[in-house]
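A look at the structure
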Amino acid sequence: MPQVQVRSLNPVDAEKRREILQHIEDSLDNQQLERLGKIAQSSKAKEYLTANSKFLMLKSFLKL
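Let us look at the structure shown here. Residue positions are given per chain, counted from 1 along the sequence in the order it is written. Per-residue local features of the predicted model are confined to residues with pLDDT of at least 70, and side-chain atom pairs are confined, for both listing and counting, to 80 or more; whole-chain, interface and lining totals are unaffected and use all residues. Computation of side-chain values: all heavy atoms of the structure, hydrogens and water removed.

**Quick word on the packing of aromatic side chains**
Aromatic ring pairs are reported here in terms of the distance separating the ring centres and the angle at which the planes meet. Ring pairs are drawn from Phe, Tyr and Trp, using the six-membered ring of Trp, whenever the two centres fall within 6.5 Å, and their geometry is named by plane angle: stacked under 30 degrees, edge-to-face over 60, tilted for the rest. Scanning the model with the defined rule gives zero aromatic pairs in all. If you follow Lys54 out to its NZ or CZ, it ends over the ring of Tyr48, 5.4 Å from the centre. Here, a charge over a ring is recorded when the distance from Lys NZ or Arg CZ to the ring centre is within 6 Å and its angle to the ring normal is within 35 degrees.

Here it is, written out as structure tokens:
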């Protein structure tokens, strides 16, 4: 099985990142992962994860 190297400045952050990535892997099928990958490559989509106001708008839209 392929493995992904998790990079972080400290072990605590590295473990958090590993857990998040594992959760994503366990939760999504291949098509969903491919779509998430396309979103991750979009600078416009990343803005919604970076700016607090845009993230709140996204959460509201998704009803999270």
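**Observations regarding unusual backbone geometry**
The general pattern is negative phi for most residues beyond glycine and trans for most peptide bonds. Positive phi values are uncommon outside glycine, yet Lys63 reaches one of about 55 degrees. Take Lys63: it is sitting in the segment after helix H4 (52-62). Remark: exposure states derive from per-residue accessible area (1.4 Å probe, protein chains only) relative to the maximum for the residue type, with buried under 20%, exposed over 50%, and partly exposed in between. Accessibility expressed as a relative area gives 74% for Lys63, which makes it exposed. Per the convention used, a helix needs a DSSP run of H or I reaching at least four residues, while a strand needs a run of E reaching at least two, with both numbered from the N terminus.

**Description of a nonpolar patch on the surface**
Distance thresholds for patches are 9 Å for like charges and 5 Å for nonpolar side chains (Val, Leu, Ile, Met, Phe, Trp, Tyr), applied to residues having over 30% relative accessible area and no salt bridge. Here, Shrake-Rupley sampling with a 1.4 Å probe gives the accessible areas, and only protein chains in the shown set may cover a residue. Salt bridges, as used here, are contacts in which a Lys or Arg side-chain nitrogen is within 4 Å of a carboxyl oxygen on Asp or Glu. The grouping of Phe61, Leu62 and Leu64 at the surface amounts to a nonpolar patch, some 400 Å² of accessible area in total. Tracing the backbone shows Phe61 in helix H4. What makes Phe61 exposed here is its relative accessible area of 67%.

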